[in-house]
Structure formats: structure tokens, C-alpha cells
Amino acid sequence: MTGEHLDAIGVGVGPFNLSLAALLAPVEGVAAQFFDRRPGFDWHPGLLLPDARLQTSFLKDLVTAADPRSPYSFLSYLVEKRRFYEFLNADFQAITRAEFADYLAWAAARVPALNFGTEVREIDFDGEAFEVRTDRGRRLADNLVVATGQQRYRPAWAEPFCGARCFHGAELLQRNPDAAGATLAIIGGGQTGAEVFLAFARGLFGRVRSITWISQRPNFEPLDETHFTNEYFTPGYQRVFLDLPPERRREIVEAQRLASDGISPDTLAEVYQLLYRERHLSQAGARYRLCPDREAVAMEGVGAAMKVTLRNQLTGEAEACQADLVLLCTGYRSELPEILAPIARRLRRDDEGRPELDACYRALWDGPAGKRIYLQNFGRHSHGIADPQLSLMAWRSAVIANDLAGRQVYDIAPCAPPITWRSGDAPRRESRFEAA
Ligand SMILES: Cc1cc2nc3c(=O)[nH]c(=O)nc-3n(C[C@H](O)[C@H](O)[C@H](O)COP(=O)(O)OP(=O)(O)OC[C@H]3O[C@@H](n4cnc5c(N)ncnc54)[C@H](O)[C@@H]3O)c2cc1C
């Protein structure tokens, strides 16, 4: 595979680069191609559990925040599928992830310049252009947009046991375990832990003997979806956050954890009500142990089962739980992909080794200014808790599309926030391309 020298190559086609490709589609003068190793678009298929719901408004789709007239919006999808009125009448508080995943796949079948079944193996810079080596040949481009997603995190103590009986939650539906009669331990008290708990408790993988659900957090804590908290997921707040010194940003990301990583209140209600029914209305009796405030610190084999050692953070005591199936709902980490190894040393890093990004999501590097490396979903530390979420997806894509085009294709000027985050902030236009 060779071809024209491109203006931009997108690596990875998850929602974030799909959004960029959708917004670039009508833009004249930017030749871009996007590559993904998967055979077709598939959004976190291992966790597409029945009834799992989106934690974000469906209006925060691929394009609407930047271009509500785009043919790739969620509303266009509803209209084309002839379900617009029914969708409105159903009046969902939150739509299912399955429907959003179907929308994304629908868009991926229509957006141009997407190349599935193409793995990017290595990226180098030859002094003039980025050379992107794939399993189908090489392509040259002036700019890169890397959106390869986050890596599944498995604690080191679990690694020796990883396989059919101990695996990351993201593999659940592919592994489809037969859990009938099993004692199960779920490690991790976020949304994935809750969804996995409900799936097993409802018998999706057979009737389990017992479930122990372990969380490091002090309790099973809710996602804060209230009005003012949602301001953190706006372009206006993000601009304020960007100007803060790194130490303040670090503290704030930690303090705002429950605005992005908590459990949806609806899911918590389902878990609590299920527990009530099992404890008081079922003949089988309680089969569930919910154990927050425990840090899992070690694992050992006990016959065919596994023993997880826990530190009870409330009492300081050591505890243990035995299980013959362990689900690691331990989240994800953001790490630069290995494919960037030839140029990785040229990227400027912060004191924790993370890439430094500017307001347009360009990684700071020592290459020529006109050759840019945009990073999507690598800037939680610099751009705030919205960075790995869908909320600012379309707006961020518009920022990158404008920057690639070198002109204002999309109006990205944020509206002045309803909260006065700092004195002296007046409503202002932020576009770099605004006419004088
Ligand atoms: C189960 C789950 C549910 C979520 N639900 C929500 C939600 O409700 N609301 C919300 O705001 N956020 C949610 N998120 C967070 C976020 O929106 C998603 O993780 C989103 O998928 C991130 O998009 P992405 O494009 O960065 O990465 P990904 O979706 O991970 O896509 C990355 C793509 O890059 C490809 N790739 C990687 N390396 C290469 C390579 N070398 N060559 C070619 N292709 C490559 C992969 O095949 C993959 O398709 C959820 C996350 C998870 C895990």
C-alpha cells in the first residue's frame, strides 16, 4: 500500500478518530486517511452487556456539538432508521450503549477515508514527513492524529493468574465464561464492576454460587451528574483548566474523580434493589458480599481456586476471599503506544513522563512546527477529566479539524460559562482563526 502524500493520518478508529473523520469529511483541502486494525468498527464489544447504558447524553455524539447539520449525527441515524418519533416517545433517561454502539457502527459505514483491517506497526519521521508503516505497506503524511485508546490495567499480583479463570472485565463477552455454580470475585468498584456484578447476579453466565464484590473506594460511590458538576465537561471550563499550573491540575483531577468514574445512580439503585430481593424475598438467601474499602494486594492459587488477600482500609485488618473465577474491573491506563517508539524520545514530557499537549491537542515535540502530532485521549492530566469521555469529542475534533485546515471551518468559540471560575474572565471569543 502506497499512495498520495497525505495531509494527515489517523491511527485508530474508535469514537474519537471516527468523530474527526466525520468532521473532516466535508472539508476541502485536507487529505486524510484513518487506519484501524479491527476488521470493522466495534465499540468495546467485550462489555456490551444487555441494558448497559451510556453515561452521556446522546446529543454528545460524533458531530452535533460542532456541526448539528452533519449527516453523521445521532438524530440523522434515528431518522434514517425510522425510529425518531418512537425514540422521543420512549423518553429514555439514558440510552443503551448497544444503541449508541450501533449508531457509531452506522456512521463508520458512511464516513469516508476509514481503512479497517489495517494495523499500524511503526511510525517514524524522516525529516520531511511521518512514515506510517502498516501491515499493508507504508504511507507518508505531514500530520498524525493518534487515537489508539487506553490500555486495560491488570494489577501485577493478578498477572500470573490471567487466563480463562481470571481476566479483565473488557474480555467478558468474548470469553463468555460458564459460571454456573462458581464462586466469583469482582475486583473494582466503578461502573464496569457494577455492570459485571449485575450481569452475573442476573444469571447471564449461569447461576453463580456466590459473588464477592471488592472496591478500593470507601463505598460504592455515585457518578455526580448534577448540573454544576457537568460544567467540567464544557469547552469553557476546559480553557480555564488548561491555564492552571500542573500541580493544581493534578489535585483537581483527583478531586473530580466521581464526576467521571463513579457508578451511575440508576445502576446503584438496580444493585441495591437486587440485594434487597435476594436478602429478603428469595428462598436462596444471600449469596452476595459487597466489600468496599478493601485493597486487593495479593493472589495465590488454592487448588483449582484463587485466594485474594485484602487489606481492609476501614479496620486495618488483613482479610481474604476465595474464588474460582476472578473478574478484574480495574480500569484502564493511558500510555503512548509502542508504535511511536522511533519518535517517542522527541516528545516533550511532564515530570511523570506524560506527553505535554497544547490547547489544540498537539504534542509538543522537537520536530518542525508544521509537522504535528495530535493526541486524542492522552490528556486527562493536561485537559481535565473530560478528555477520555465522549462529552467533548465533537468539539475536540473540531479544534483539530480547524487546526489541520488552517482556518475556521467550525466555530469552536466556547460560550462564557455560567460560573465565574476566575475573576477577570469576560465572555470572549477563542478561535485562532476568527476574522479580524
Ligand atoms: C465499557 C466502556 C464504556 C464507556 N462508556 C462511556 C460513556 O458512556 N460515556 C463516555 O463519555 N465515555 C465512555 N467511555 C469512555 C470512552 O468514551 C471510550 O473509552 C472511547 O471508546 C474512547 O475512544 P478512543 O477512540 O480513544 O479509543 P477506543 O475506543 O479504544 O479505540 C481505539 C481504536 O484504536 C485501534 N488501534 C489501536 N492500536 C492500533 C494500531 N496500532 N493500528 C491500528 N489500530 C489501532 C483499536 O483497534 C481501536 O479500535 C467508556 C469506556 C468503556 C471502556
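The model shown is predicted, which means the values in this text are computed figures rather than measured ones.

### Side note on the overall build of the protein
If you tally the helices and strands in the protein, you get 13 helices and 17 strands. For the protein, the C-alpha atoms occupy an extent of roughly 70 × 50 × 45 Å along the three principal directions. Looking at the protein as a whole, 49% of its 436 residues qualify as buried. Considering only intrachain contacts with a sequence separation of at least 6, the fraction spanning at least 24 residues in the protein is 71%. Once the 51 positive and 57 negative side-chain charges of the protein are each reduced to a mean point, those two points are 2 Å apart.

### Notes on the site of the ligand
In the vicinity of the ligand lie 28 residues, with Asp36, Trp43, Gln55, Thr56 and Leu390 positioned nearest. Residue Arg37 places a main-chain N or O atom 3.1 Å away from a nitrogen atom belonging to the ligand. Within the side chain of His44, one N or O atom sits 2.9 Å away from an oxygen atom of the ligand. Contact with the protein chains hides 89% of the accessible area of the ligand, taken as 980 Å² for the molecule alone. When grouped by side-chain class, the residues that make up the shell around the ligand number 13 nonpolar, ten polar and five charged.

### Considering the side chain of Lys371
With respect to the helices and strands, the residue Lys371 is situated in the loop between helix 11 (341–344) and strand 17 (373–375). With a relative accessible area of 19%, Lys371 lands in the buried category. Those residues within four positions of Lys371 in sequence are excluded, and the remaining contacts are Phe125, Glu128, Phe130, Asp142, Asn143 and Trp365.

### Remarks on the sheet that holds strand 10 (residues 210–214)
Backbone-to-backbone hydrogen bonds pair the strands of a sheet. The strands run either parallel or antiparallel. Read across the open sheet, the five strands follow the order 8-15-9-10-11; overall the sheet is parallel. Two strands bound the open sheet, and with one partner strand each, they are strand 8 (166–168) and strand 11 (288–291). For this sheet, the mean angle separating the axes of adjacent strands, direction not counted, is 15 degrees. Two elements, strand 8 and strand 15 (residues 325–328), share three bridges in a ladder whose sense is parallel. Across the sheet, the residue bridging to Cys166 is Val326, located in strand 15. Contacting strand 9 (183–187), strand 10, strand 11 and strand 15, helix 6 (residues 191–201) runs over the sheet at an angle of about 175 degrees to strand 10. Against the sheet, helix 10 (residues 265–281) makes contact with strand 10 and strand 11, and its axis sits at roughly 140 degrees relative to strand 11, the strand it touches most.

### Side note on the nonpolar core
Judged by nonpolar contacts, the single largest core of 51 residues is most densely connected at Leu18, Leu24, Phe100 and Leu114. Per-element accounting of this core gives the leading share, eight residues, to helix 13 (residues 393–405). With sequence-adjacent residues up to four places away left out, Leu114 is seen in contact with Val13, Leu18, Ala21, Phe34 and Ala108. Grouped together as the second largest cluster of nonpolar side chains are 31 residues, Phe197, Ala201, Phe205 and Leu327 included.

### Notes on the sheet that holds strand 13 (residues 305–312)
In spatial order, the strands read 12-13-14; together these three strands make up an open sheet with antiparallel pairing. Each having just a single partner strand, strand 12 (294–302) and strand 14 (318–323) make up the two edges of the open sheet. Pairs of neighbouring strands in the sheet enclose a mean axial angle of 25 degrees, with direction left out of account. Looking at chain direction, strand 12 and strand 13 are connected through eight bridges and run antiparallel. By the bridge assignment, Arg294 is partnered in strand 13 with Asn312.

### Examining the environment of Glu99
With respect to the helices, strands and loops of the structure, Glu99 is situated in helix 4 (residues 97–108). Looking at Glu99, the relative accessible area reads 13%, which means it is buried. Along the backbone, Glu99 and Glu338 are 239 residues apart, and their C-alpha atoms lie at a distance of 33 Å. Excluding anything up to four places from it in sequence, Glu99 contacts Phe74, Tyr77, Leu78, Arg83 and Phe87.

### Overview of the domain arrangement of the protein
Accessible area lost on assembly of the parts is the figure often given for the size of an interface. When its domains are assigned, the protein resolves into domain 1 (6–150 + 334–405) and domain 2 (153–222 + 262–328). Its C-alpha centre places domain 1 at a distance of 32 Å from the equivalent point of domain 2. In this complex, domain 1 contributes eleven residues to the contact, which on the side of domain 2 involves 18 residues. Across the domain 1 to domain 2 interface the summed buried area is about 1,000 Å²; carbon plus sulfur atoms make up 53%. At the boundary of domain 1 and domain 2, one finds two salt bridges. Residue Arg97 is joined to Glu195 by a salt bridge in which the shortest nitrogen-to-oxygen separation is 3.0 Å. The tally of links from domain 1 across to domain 2 stands at five residue pairs in polar contact (both at pLDDT 80 or more).

Cut-offs used in this document
- Residues numbered from 1 in each chain as written.
- Predicted model: local features only at pLDDT ≥ 70, side-chain atom pairs only at ≥ 80, totals over all residues.
- Heavy atoms only, no water.
- Helix = DSSP H or I, 4+ residues; strand = E, 2+ residues; numbered from the N terminus.
- Buried < 20%, exposed > 50% of the residue type's maximum accessible area, 1.4 Å probe, protein only.
- Contact = heavy atoms within 4.5 Å.
- Lys, Arg positive; Asp, Glu negative; His and termini not counted.
- Charge placed at Lys NZ, Arg CZ, Asp CG, Glu CD.
- Near = heavy atom within 4 Å.
- Polar contact = N/O pair within 3.5 Å; in protein donor to acceptor, adjacent residues only side chain to side chain.
- Areas by Shrake-Rupley, 256 points an atom, 1.4 Å probe, with all protein chains shown as cover.
- Nonpolar A, V, L, I, M, F, W, Y, C, P; charged D, E, K, R; others polar.
- Pairing = 2+ DSSP bridges.
- Axes fitted to C-alpha atoms, helices over the stretch in contact; angles between N-to-C directions.
- Core = buried A, V, L, I, M, F, W, Y, C linked by side-chain atoms within 4.5 Å.
- Domains from an automatic or database assignment.
- Buried area = accessible area lost by both parts, 1.4 Å probe.
- Salt bridge = Lys/Arg side-chain N within 4 Å of Asp/Glu carboxyl O.

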